[in-house]
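# Overview (structure and organization)
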Amino acid sequence: MCLRQKIIMKVVSEMTASRRLMRRIFRLAAYIGTVAFAAITMGNQFIQGVTLKQQLTFYFPVVFGQCLFAVLALYALSAAYLKPVLHVLDGFEKENEPEQELVARSRKKAFNYPLDMFLFLVLCGVGLILIFHFSEWFFFYKEDIPANWWLVTLQNATFELTLTVSLAMLFFAFSRRLMRGLLEKTTGLAPDEGKRLAVKNRILLTITSIVVVATSTFLSAYLFFPLAGKPLPVGLFVILTVLVAVFCAVVGVVTASDTARDIVLVTGKLEQMTRGIQPGLHQTLAVTSLDEVGDLVVAFNRLQQQVAKIYRDVDRELALARSVQAELLPKKFPSLPGWEITGVSLPARQVGGDFFDYIPLQDGRFGLAVGDAAGKGMPAALLMAAVVGLLRAEAPREESPAAVLSRVNDLICGTVSVGMFITALYAVFDPSAGTCTLSSAGHVSPVRFSQDGTAPELADTGALPLGLASGISYSEITLTIPPGGGIAFYTDGIVEARNVTGELYGFPRFLNAFRYSSGSESESFISSIVEKVFRFSGGEQEDDLTLLVVRRLR
């Protein structure tokens, strides 16, 4: 990198945001003025046939002066017009939060600037065209006006006016790009913050100016040479055609790409939102244009606000439902001599379909129930609440766990919808005998473990889940729990947890946990298993998770 480039890069890097913006505006105005000067000068030279002496004594200095005036006036007007914008940009760069009133003013100025400068350039161009042709008449044709002068002047004025409109559209398109940075940093909803120039009007204005520029140019060529008694040079005609085609193409492409850029920005941000948005987080988009694309963004933002309000209401209701569901589960188990009971239930969503319950019975016995309603969320939670209520009502009336499940199944079969069911396991413990009689309605098999290091075993009493068909007879088994041993009830959220590769946590890992940690306290034992499951799945919980451990201490 040469020394000059290094110096330029250093100067640019030390510029404030406001100075960089004004530098870009000056360069843009200078480019527009240069194109206007070149187009008018070449038209005077090659189409009107102005002599070199006339160019040097009148046309060149007048056209150059007018273009320079337009550039300097545009720059000065921009500096005054964008004063709030410049203050806000410098504040953002210095990480100073500007006042909201100043931000609102800067947004309005940023929205209005491209259209107001477009109108200024058109009006300035009209004034300069009138001054130019009046001066031309005064210096050259005041005493003797040629017969064809009015017609040629009208053609030239039409060309110059449409050229001005085309160049103003170019400035409009490029200046909108310069304002987008501020508008994106100061996102807002307001659809009426500034003046509008609809997309269809921009396209119509651009097409009209392009057509008039091309038509007036060729008419001037075909009109001037015959009136002057000269043949139209073929080479000049080809060059003229190429230059006009290039100019028209540039104006059309820039105007179209300006609108397309708005659409691409919106679609790109929407794609980013759909990839990274979190449930319950409803983002809005920055309004960077006051046209049909801006209207689309405003409508989307309003929709997002409405959806966010609905989600907040739903979240409040779900939080209430979760608190109600938490009240259904035992907060703590009673202290039983020689026994220890600990359990945990973690829903995958705000509410879940897993449950466990403690039911006191006669003669010192007690019942434990564990279940898993099909699905997740509110439907499963409602079904779970219904089954918990039925179990609490029916368990004290029946001696047999199998009879309790049969009765509950008959009661819910006529009320649940098709496809809704719940797996459940109900066990009755006799502390004095150290036994557990249990029955399962399609639930995962409980694990019986001991303290002597022997392999834990699954107790299988499978049958249909509750709610699928009435009149089912469930079986039951009686297990003896040795001192130091116990039994664990759980749901499939543990063994069916998956890691990032889709591998299941599985029964082998689950049973090994009992083999090596069954001697620890139940609460720490449950915490270690839950931690292992979450570590295996990467912290992602796809299903409700419940684990209930009953240990015989002596």
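As shown above, the structure is provided for reference.
Before going into details, it helps to say that this report is about the structure given with it. (Residues numbered from 1 in each chain as written. Predicted model: local features only at pLDDT ≥ 70, side-chain atom pairs only at ≥ 80, totals over all residues. Heavy atoms only, no water.)

Moving on, we come to the overall build of the protein chain. A count of helical and extended segments in the protein chain gives 14 helices and 10 strands. Sorting the 554 residues of the protein chain into buried and exposed places 46% on the buried side. A fraction of 76% describes how many contacts in the protein chain between residues 6 or more apart in sequence connect residues 24 or more apart. Carbon and sulfur atoms make up 62% of the accessible area of the protein chain, which amounts to about 28,000 Å² in all. (Helix = DSSP H or I, 4+ residues; strand = E, 2+ residues; numbered from the N terminus. Buried < 20%, exposed > 50% of the residue type's maximum accessible area, 1.4 Å probe, protein only. Contact = heavy atoms within 4.5 Å. Areas by Shrake-Rupley, 256 points an atom, 1.4 Å probe, with all protein chains shown as cover.)

A few words now on the pairing of strand β3 (residues 366-373). For β3, the tally of buried residues reaches eight of eight residues, placing the bulk of the element in the interior. Of the two faces of β3, the one lined by Phe366, Leu368, Val370 and Asp372 and the one lined by Gly367, Ala369, Gly371 and Ala373 are each fully buried. Pairing between strand β2 (residues 354-360) and β3: seven bridges, direction antiparallel. Bridged to Tyr358 within β3 is Leu368. Connecting β2 to the next strand, β3, in antiparallel fashion are five residues, including Asp363 with a positive phi near 60°. Here eight bridges tie β3 to strand β4 (residues 422-430), and the two strands are oriented antiparallel to one another. Its bridge partner lying in β4, Asp372 is registered against Thr423. (Pairing = 2+ DSSP bridges.)

With antiparallel pairing, the five strands of this open sheet are ordered in space as β2-β3-β4-β5-β8. Strand pairing shows two members of the sheet lacking a second neighbour, β2 and β8 (477-480), which therefore form its edges. Direction aside, the axes of adjacent strands within the sheet are offset by 20° on average. On the sheet, helix α11 (residues 401-413) packs against β4 and β5 (435-441) and is oriented at approximately 25° with respect to β5. (Axes fitted to C-alpha atoms, helices over the stretch in contact; angles between N-to-C directions.)

This part covers the pairing of strand β9 (residues 486-490). With five of five residues buried, β9 lies mostly within the body of the structure. Here β9 shows no split at all, with Gly486, Ala488 and Tyr490 on one side and Ile487 and Phe489 on the other all buried. Bridging between strand β6 (residues 447-449) and β9 involves three bridges; their strand directions are antiparallel. Within β9, the position partnered with Phe449 by the bridge is Gly486. Here β9 runs beside strand β10 (residues 545-552); their pairing, made up of five bridges, is antiparallel. Among the inter-strand pairings, Tyr490 is bridged to a residue of β10, identified as Leu547.

Let us now look at the nonpolar core. A general feature of soluble globular proteins is that nonpolar side chains tend to end up buried together. Judged by nonpolar contacts, the single largest core of 63 residues is most densely connected at Leu82, Tyr113, Phe118 and Phe171. Elements with a minimum of two residues in this core: α2 (17-47), α3 (52-81), α4 (83-93), α5 (100-140), α6 (149-185), α7 (199-227), α8 (234-276) and α9 (292-328). For this core, the leading source of residues is α6, giving 13 residues. When neighbours within four sequence positions are excluded, Tyr113 is seen to be in contact with Ile25, Ser78, Tyr81, Leu82, Phe171, Ser175 and Met179. Among the nonpolar cores identified, the runner-up in size contains 26 residues, and Ala369, Ala373, Ala380 and Ala395 belong to it. (Core = buried A, V, L, I, M, F, W, Y, C linked by side-chain atoms within 4.5 Å.)

On to the pattern of salt bridges. Counted by the stated rule, this structure contains 10 salt bridges. For Lys309, the salt bridge is made with Asp313, and the minimal N-O distance between the two is 3.5 Å. You can see Lys309 and its partner Asp313 sitting in helix α9, four residues apart, about one turn around the helix. For Asp313, a relative accessible area of 24% gives the class partly exposed. A salt bridge links Glu531 to Arg535; its shortest N-O distance comes to 3.3 Å. Here Glu531 and its partner Arg535 are both found in helix α14 (residues 522-536), four residues apart, which amounts to about one turn of the helix. (Salt bridge = Lys/Arg side-chain N within 4 Å of Asp/Glu carboxyl O.)

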